[in-house]
Amino acid sequence: MKYVNLHAHSLSIGDSIGFPGEHIDYAIENGLEAHAFTDHGTMSALSYAFLHQKKLKEKGKDFKIIHGVEAYFVPSLENWDIQYELSKLQKKQKKSEVDDEESSVVIEDEEETKSSAQSSVDEFNPNRRAHIVLLAQNAVGLKNIFKMVSLSYQKGNFYRFPRIDLKMLREHNEGVIVSTACLGSSLTSFTGFFDETKTKGQVFDEQLKLVNTFKKIFGDRFFLELQWNAIPIQMKFNQQLIELAEKTDTKLISTADCHYPRPELWKEREIYKAIA
């Protein structure tokens, strides 16, 4: 069976190791003909991957690079801003001269992303965010992803991490393919998936609403993403994704969500994460 990995990290600060060329070479060694790069919040791998692809072509080897990003998502930046100001008033806290939203370096901490999703969905958590994978289907899609990445870093959109929302996706969806990403997905972060006070039915209903919202924007360019790892709750999430796929007639994809170019480098990646 032909396989193309549509979710991979090369130059995600604090989260992945190995230059794009190393990831591409390993893919070629294993018979793959294409590979996506979806670094957190940036498209830093694009130029490196393009140049490596060019070298391969000069040697007579055709290999397809799929350009993308794993973006940070909140449903509405406008609503978030209102809730954030209200929460500050309630806590009687003043903004410091140098706020988190003025930061410039983004270091991905997947555990922190998931932990922010584990607070009750009924309470406002300014750190709550989700991962979402955006892939360029064509040149128009690539330009639209560039635009959204740029917007995500602008004042008002950036809070500790560069963020996009549904409004941005509606305005710049042409030529963009979307998948639901990892356990830090919007289908866990904004549905009460980790909230023990929510029943499975309540969570499923919220997931259903979100899937239908994405499908209205992207149609058949929206996919539910299965992943395979040693985290027990991932299997529970996979089962819900399969049920959602059947209920909404949405296609499933399977990704590796890789963070290092070769299996034997897992320890170096763990050391790098610890240092970060």
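Procedures and definitions
Residues numbered from 1 in each chain as written. Predicted model: local features only at pLDDT ≥ 70, side-chain atom pairs only at ≥ 80, totals over all residues. Heavy atoms only, no water. Salt bridge = Lys/Arg side-chain N within 4 Å of Asp/Glu carboxyl O. Helix = DSSP H or I, 4+ residues; strand = E, 2+ residues; numbered from the N terminus. Buried < 20%, exposed > 50% of the residue type's maximum accessible area, 1.4 Å probe, protein only. Expected span 1.5 Å × (residues − 1). Arc of directions from axis to C-beta. Contact = heavy atoms within 4.5 Å. Phe/Tyr/Trp six-rings, centres within 6.5 Å; stacked < 30°, edge-to-face > 60°. Core = buried A, V, L, I, M, F, W, Y, C linked by side-chain atoms within 4.5 Å. Disulfide = S-S within 2.5 Å. Axes fitted to C-alpha atoms, helices over the stretch in contact; angles between N-to-C directions. Parallel < 35°, antiparallel > 145°, perpendicular 65-115°, else oblique. Left-handed = near helix turned anticlockwise from the far one by under 90°. Nonpolar A, V, L, I, M, F, W, Y, C, P; charged D, E, K, R; others polar.

Colleague: Even after reading the chapter, I still don't get the pattern of salt bridges, so can you show me in this structure?
Modeller: Two side chains that carry opposite charge are able to pair once their charged atoms sit near each other. Here the structure, examined in full by the defined rule, presents seven salt bridges. Here Glu85 ties to Lys88 by a salt bridge, and the two come within 3.7 Å at their closest N and O atoms. Of this pair, Glu85 and Lys88 both sit in helix α3 (residues 77-91), three residues apart, which is roughly one turn of that helix. A salt bridge links Lys209 to Glu206; its shortest N-O distance comes to 3.3 Å. On the criterion of helical spacing, the pair formed by Lys209 and Glu206 is a turn pair, its members being three residues apart in helix α8 (residues 200-218). The class of Lys209 is exposed, set by a relative accessible area of 52%. Residue Glu206 is classed as partly exposed on the basis of its relative accessible area of 33%. Taken together, the salt bridges that share partners define one network made up of Asp15, Arg269 and Glu270.

Colleague: Got a minute to help me understand helix α2 (residues 45-58) in this structure?
Modeller: Each α-helix winds once per 3.6 residues, and so residues spaced three or four apart point in a common direction. Between its first and last C-alpha atoms α2 spans 20 Å; for 14 residues at 1.5 Å apiece the expected length is 20 Å, and the two agree. Along α2, the residues classified as buried are Ala45, Ala49, His52 and Leu56. The buried side chains of α2 occupy one side of the element, clustering within an arc of 65 degrees when seen end-on. The exposed set on the far side of α2, more than 90 degrees from its buried face, consists of Lys55, Lys57 and Glu58. The inward-facing, buried residues of α2 abut α1 (20-29), β1 (34-37) and β2 (64-73). Gly60 sits one or two residues past α2 and shows a positive phi near 90 degrees.

Colleague: Help me understand the packing of aromatic side chains, please; the structure alone is not making it clear to me.
Modeller: Aromatic ring pairs: the centre-centre distance and the angle between the two ring planes describe each pair. Enumeration over the complete set of coordinates arrives at twelve aromatic pairs. Aromatic pair Phe73 and Phe214: ring centres 5.6 Å apart, planes at 50 degrees, arrangement tilted. In this pair, Phe73 sits in strand β2 while Phe214 sits in helix α8, placing the two residues 141 residues apart along the sequence. For the pair formed by Phe73 and Phe214, the shared burial category is buried. Every member of this aromatic cluster is reached through a ring pair, and the members are Phe73, Phe190, Phe214 and Phe222.

Colleague: Which parts of the structure should I look at to understand the nonpolar core?
Modeller: Side chains of nonpolar character tend, in soluble globular proteins, to be buried together. Counting 39 residues, the largest nonpolar core has Ile132, Leu134, Ile164, Leu169 and Phe214 as its most contacted members. Listed by contribution, the elements that provide at least two residues to this core are β2, β3 (130-136), α5 (139-152), α6 (166-171), β6 (176-179), α8, β7 (222-227) and α9 (232-248). Here this core gets eight residues from one element, more than from any other, and that element is α8. The next biggest cluster of nonpolar side chains, apart from the first, holds nine residues, and it includes Ile24, Phe37, Phe63 and Ile65.

Colleague: In this structure, what is going on with the environment of Thr113? I would like to understand it.
Modeller: Among the secondary structure elements, Thr113 is positioned in helix α4 (residues 110-117). Note: C-alpha distance between Thr113 and Pro232 (119 residues apart in sequence) is 18 Å.

Colleague: For this particular structure, what's the right way to read unusual backbone geometry?
Modeller: A negative phi angle characterises most non-glycine residues, just as the trans form characterises most peptide bonds. The phi angle at Arg160 is positive, at roughly 65 degrees, despite the residue not being glycine. By secondary structure assignment, the location of Arg160 is in the loop between β4 (158-159) and β5 (161-164). We classify Arg160 as partly exposed; its relative accessible area is 26%. Positioned with a positive phi, Ala181 is a non-glycine residue whose angle comes to about 70 degrees.

Colleague: What should I look at first to understand the state of the cysteines in this one?
Modeller: Covalently bonding the sulfur atom of one cysteine to the sulfur atom of another cysteine gives a disulfide. All told, the structure shown has zero disulfides when counted by the stated rule. A disulfide-free cysteine, Cys258 has its sulfur positioned 13 Å from the sulfur of Cys182, the nearest such atom. By relative accessible area, which is 19% here, Cys258 ends up buried.

Colleague: In this structure, what is going on with the packing of α1 against α2? I would like to understand it.
Modeller: Look at α1 against α2: their axes get within 8 Å of each other, and the N-to-C directions meet at 50 degrees. Taken together, the axis directions place α1 and α2 in an arrangement best described as oblique. In this structure, α1 crosses over α2, and the sense of that crossing is right-handed. Within the contact between the two elements, α1 uses Pro20, Gly21, Ile24, Asp25 and Ile28 and α2 uses Ala45, Tyr48, Ala49, His52 and Leu56. When grouped by side-chain class, the residues that make up the contact of α1 with α2 number seven nonpolar, two polar and one charged.

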